[in-house]
Amino acid sequence: LTVTTFGESHGPAIGCVVDGCPPGLAIAPEDFRADLDRRATGKSRHTSQRREADEVEILSGVFEGRTTGTPIALLIRNTDQRSKDYAEIAERFRPGHADYTYWQKYGLRDPRGGGRSSARETTMRVAAGVIAKRWLAEKSGITVRGYLAALGPHQPRTFDWAAVEENPFFWPDAAMVAELESFMDKLRKSGDSIGARVTVVADNVPPGWGEPIYGKLDGELAAALMSINAVKGVEIGDGFAAVEQRGSEHRDEMTPEGFLSNHAGGILGGISTGQAVIASIVLKPTSSILIPGRSVNVRGEPVEVVTKGRHDPCVGIRATPIAEAMMALVLMDQALRHRAQCGDVGEILPKIPGKTVK
Ligand code: EPS
């Protein structure tokens, strides 16, 4: 499976091409609605107030409601692409932003919003992910879902999947939502931004997906998740907490009744174990903020930069559906590769139950 996106945040449209999806999968423009709305701006006062309908047009690869096996092209027209930042950033580099590295690389400047580096691009990742989620659910009963695991200094005190879709943060602890709202209100008024952590979990992934050395499932997941705007860290399973663990604690012991833990995040040796596949990402605080920052302009002269546009005080708040999409796309790709080499998805040994014991 290959996926690419095109378009700029302030250009006429954004789009993607999903190539390699098997034929016969039922898909219609309205199937993209739910996930695109989960990711969209303007759904609460805690995100950017840009208003986009995010209406998907299917340009190719689908006939009479089913995928044909040919490249699927999706298009979303931009409708609210205006910015207060053009003049401010036309010749200056926003500190912490990709403006500087794009300019060093290409030697050209397109000050219309973030262009390709804008989080707007992630809309099409979510759209592509809808196809992967559907295919995975239909073929193997796989679900991919995520939640916000930390918002700045806040961490959930209890965990309930049912709470996640009931608040604008994807937060699994309903009792803490008011606390988060007031934290974000104060932060937004201060003109600053904050980092976050998102965790994604895929259930019902069969054992055996992933390549053992090159193209490891965890390696591909890490690359895909790291390619999301603002991601600065990726963990699989216990991730960096393993630094302080002993082998006797970290290894997931097996019994005929199942694994006794899932520190590995459902992947051993680059291959899925049959347990839940778990990955977390860290998103940096948004670099476009109202607090003046020192920088340089295209001539190397010192300047001060303030970004006044419609920016997210925490990009992590909208990142849950994006991370789910990237995990779903990687899993679909690995499923197809596994099928190509090893035949249809199957289990050689009787499956060790893949329960997650926290
Ligand atoms: C973004 C800046 C803002 C956000 C945008 C991401 O764009 P604008 O200045 O045009 O309002 O609104 O997010 C989206 C449009 C979206 O759909 O996610 C940035 O610089 O990353």
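Residues numbered from 1 in each chain as written. Predicted model: local features only at pLDDT ≥ 70, side-chain atom pairs only at ≥ 80, totals over all residues. Heavy atoms only, no water.

The protein has the name Chorismate synthase in an unreviewed UniProt entry, where Tahibacter amnicola is given as its organism. Of the comments in the UniProt record for the protein, the one headed Catalytic activity (unreviewed entry) reads "5-O-(1-carboxyvinyl)-3-phosphoshikimate = chorismate + phosphate". (UniProt positions renumbered as here; feature names shortened; annotations may be inferred.)

A. Representation of the sheet that holds strand β8 (residues 196–203). With antiparallel pairing, four strands are arranged side by side in an open sheet as β7-β8-β14-β9. On the outer flanks of this sheet lie β7 (143–151) and β9 (231–236), each paired with one strand and no other. Across the sheet, the mean angle from the axis of one strand to that of its neighbour is 20°, orientation sign disregarded. Looking at chain direction, β9 and strand β14 (residues 277–283) are connected through five bridges and run antiparallel. The residue of β14 that forms the bridge with Val234 is Ile281. Packing against the sheet, helix α9 (residues 320–342) makes contact with β7, β8 and β14, and its axis sits at approximately 140° to β7. (Pairing = 2+ DSSP bridges. Helix = DSSP H or I, 4+ residues; strand = E, 2+ residues; numbered from the N terminus. Axes fitted to C-alpha atoms, helices over the stretch in contact; angles between N-to-C directions. Contact = heavy atoms within 4.5 Å.)

B. Up close: the site of the ligand. The ligand sits among His10, Arg39, Thr41, Ser48, Arg50, Ser118, Ala119, Arg120, Thr123, Arg310, His311 and Arg318. Measuring from an oxygen atom of the ligand, one finds a side-chain N or O atom of Ser48 at 2.6 Å. At 2.8 Å from an oxygen atom of the ligand is found a side-chain nitrogen or oxygen belonging to Arg318. Out of a free accessible area of 460 Å², the ligand has 94% covered by protein chains. (Near = heavy atom within 4 Å. Polar contact = N/O pair within 3.5 Å; in protein donor to acceptor, adjacent residues only side chain to side chain. Areas by Shrake-Rupley, 256 points an atom, 1.4 Å probe, with all protein chains shown as cover.)

C. How the structure looks around the UniProt feature "binding site: NADP(+)" (unreviewed entry) in the protein. The UniProt record annotates "binding site: NADP(+)" (unreviewed entry) at Arg39 and Arg45. Mapped onto the fold, Arg39 is located in helix α1 (residues 33–39). Here Arg39 is in contact with Asp54, Ala119, Arg120, Thr122, Thr123, Val126, Arg318, Pro321 and Ile322, once residues within four sequence places are set aside. Its location among the elements puts Arg45 in the loop between α1 and β3 (56–60).

D. Layout of the packing of aromatic side chains. On inspection of all chains with the given rule, the structure shows six aromatic pairs. With 5.2 Å between their ring centres and 55° between their planes, Phe93 and Trp103 make a pair best called tilted. Taken as a pair, Phe93 in the loop between α2 (86–89) and α3 (99–106) and Trp103 in helix α3 lie far apart in primary sequence, ten residues in all. Judged by its relative accessible area of 3%, Phe93 is buried. By relative accessible area, which is 24% here, Trp103 ends up partly exposed. Measuring from ring centre to ring centre gives 5.3 Å for Phe159 and Trp161, while their planes differ by 85°; the resulting arrangement is edge-to-face. Judged by relative accessible area, which is 40%, Phe159 ranks as partly exposed. Taken together, the ring pairs connect Phe93, Tyr100 and Trp103 into an aromatic cluster. The ring of Tyr106 carries the charged tip of Lys105 above its face, separated from the ring centre by 5.7 Å. Above the plane of the ring of Trp161 lies Arg145, whose end atom (NZ or CZ) is 4.1 Å from the centre. (Phe/Tyr/Trp six-rings, centres within 6.5 Å; stacked < 30°, edge-to-face > 60°. Buried < 20%, exposed > 50% of the residue type's maximum accessible area, 1.4 Å probe, protein only. Lys NZ or Arg CZ within 6 Å of the ring centre and 35° of its normal.)

E. Molecular detail of the pattern of salt bridges. Taken as a whole, this structure holds 30 salt bridges when the rule is applied. With a closest N to O distance of 2.9 Å, Glu165 and Arg38 form a salt bridge. A residue pair is termed long-range when its members are at least 10 positions apart, and Glu165 in the loop between α5 (161–164) and α6 (177–190) and Arg38 in helix α1 qualify at 127 residues. You can call Glu165 partly exposed: its relative accessible area is 44%. Residue classification places Arg38 among the buried residues on the basis of a relative accessible area of 18%. (Salt bridge = Lys/Arg side-chain N within 4 Å of Asp/Glu carboxyl O.)

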